[in-house]
Amino acid sequence: MVGDIPYSPTDQTVKDYVSQWLEEKSSSIEFGTYRKYEWLVRCHIIPHIGHIRLSKLMPQQLQSFYTNLLSMDDPLGKRSVLHIHNLLHQALDRAVKWNLVGRNVADAVEPPKPDFHEMSLWSEEDISAFLEEAVKKRYYLFYHRHRHGNAKIRDRRDSLTGCRFKTRTT
């Protein structure tokens, strides 16, 4: 029962439901997001848990699914597994609203926490050494222009290198 409304269990599988949910979701998300979701569903969710009836999906099955994704021969990263968890959580929230399941089993699962990597910035010397080596490479002009460009492209240089450059005043 969801609130005062009894839920109506369905014979629909996770595969059928998530595929339907993704098709309906596609009109409200960016194309790149859709492509990522579609890949996660097609390559990971459906092959591993797609056969399970939606109403029979248990938190233990999801937790085991996440563990398997992290430990298989070609393991997914923690961030990718977190994306799968978030996708399933959204889809199962909708299933609860549509009274297809009594609760969102993703609420009871601990998704992996991605590793935090502190960003390190290049010093002026590091950038100079990089450019000296880059002279031999195909994209040297691209790097050089971004390093020595004017204020109009300062934001692009910042995003390319991860550095904030001071605007030159003459």
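Computed from a predicted structure; not experimentally measured.

Colleague: Please set out the side chain of K25 residue by residue, giving values where relevant.
Modeller: Inspection of the secondary structure assignment puts K25 in helix α1 (residues 14-25). Here K25 is buried and forms no salt bridge, its nearest opposite-charge partner D93 lying at an N-O distance of 9.5 Å. Polar side-chain contacts of K25 include one of 3.3 Å to the side chain of Q90.

Colleague: Report on unusual backbone geometry, specifying residues and quantitative values.
Modeller: In this model, N99 sits at a positive phi of 60 degrees, which is unusual for a non-glycine residue. On the secondary structure map, N99 appears in the loop between α4 (78-97) and α5 (124-134).

Colleague: Kindly report on the pattern of salt bridges, identifying the contributing residues and their values.
Modeller: Counting across every chain of the model gives 3 salt bridges. Note that R53 and D11 form a salt bridge whose closest N and O atoms lie 3.7 Å from each other. With a gap of 42 residues between them, R53 in the loop between α2 (31-49) and α3 (59-71) and D11 in the segment before α1 connect regions that are remote in the sequence. Between E38 and R42 there is a salt bridge, and its shortest N-O distance comes to 2.7 Å. Taken together, the positions of E38 and R42, both in helix α2 and 4 residues apart, correspond to about one turn of that helix. On the basis of relative accessible area, E38 is assigned to the partly exposed category, the value being 24%. With relative accessibility at 46%, the residue R42 sits in the partly exposed group.

Colleague: Got a sec to walk through the confidence of the model for the protein? Specific residues and values, please.
Modeller: Summing up the model confidence of the protein, the mean pLDDT is 83 and the portion of residues at 70 or higher is 76%. Scored below 50 in pLDDT, residues 150-154 shows 7 contacts in the model against residues more than four places distant or in partner chains.

Colleague: Describe α3, listing the residues and the values that go with them.
Modeller: Spanning 13 residues, α3 covers 19 Å between terminal C-alpha atoms, matching the ideal 18 Å at 1.5 Å per step. Among the residues of α3, those classed as buried are P59, L62, F65, Y66 and L69. For α3, the arc enclosing every buried residue in end-on projection is 120 degrees, short of the 170-degree limit, so these residues lie on one face. Of the exposed residues in α3, the ones pointing more than 90 degrees away from its buried face are Q60 and S71. Looking at the packing, one finds that the buried side of α3 touches α2 and α4.

Colleague: Pulling in residues and values, what's your account of the packing of α3 against α4?
Modeller: Taken N-terminus to C-terminus, the directions of α3 and α4 make an angle of 155 degrees; their axes are 9 Å apart at the nearest point. Regarding the angle of α3 to α4, the classification is roughly antiparallel. When the axes of α3 and α4 are compared, the crossing they make is right-handed. For the pair formed by α3 and α4, the contact residues are L62, F65, Y66, L69 and L70 on the first element and K78, V81, I84, H85, L88 and L92 on the second. Of the residues contributing to the contact of α3 with α4, the split by class is 9 nonpolar, 1 polar and 1 charged.

The rules we used
Residues numbered from 1 in each chain as written. Predicted model: local features only at pLDDT ≥ 70, side-chain atom pairs only at ≥ 80, totals over all residues. Heavy atoms only, no water. Helix = DSSP H or I, 4+ residues; strand = E, 2+ residues; numbered from the N terminus. Buried < 20%, exposed > 50% of the residue type's maximum accessible area, 1.4 Å probe, protein only. Lys, Arg positive; Asp, Glu negative; His and termini not counted. Salt bridge = Lys/Arg side-chain N within 4 Å of Asp/Glu carboxyl O. Polar contact = N/O pair within 3.5 Å; in protein donor to acceptor, adjacent residues only side chain to side chain. pLDDT = per-residue confidence, 0-100. Contact = heavy atoms within 4.5 Å. Expected span 1.5 Å × (residues − 1). Arc of directions from axis to C-beta. Axes fitted to C-alpha atoms, helices over the stretch in contact; angles between N-to-C directions. Parallel < 35°, antiparallel > 145°, perpendicular 65-115°, else oblique. Left-handed = near helix turned anticlockwise from the far one by under 90°. Nonpolar A, V, L, I, M, F, W, Y, C, P; charged D, E, K, R; others polar.

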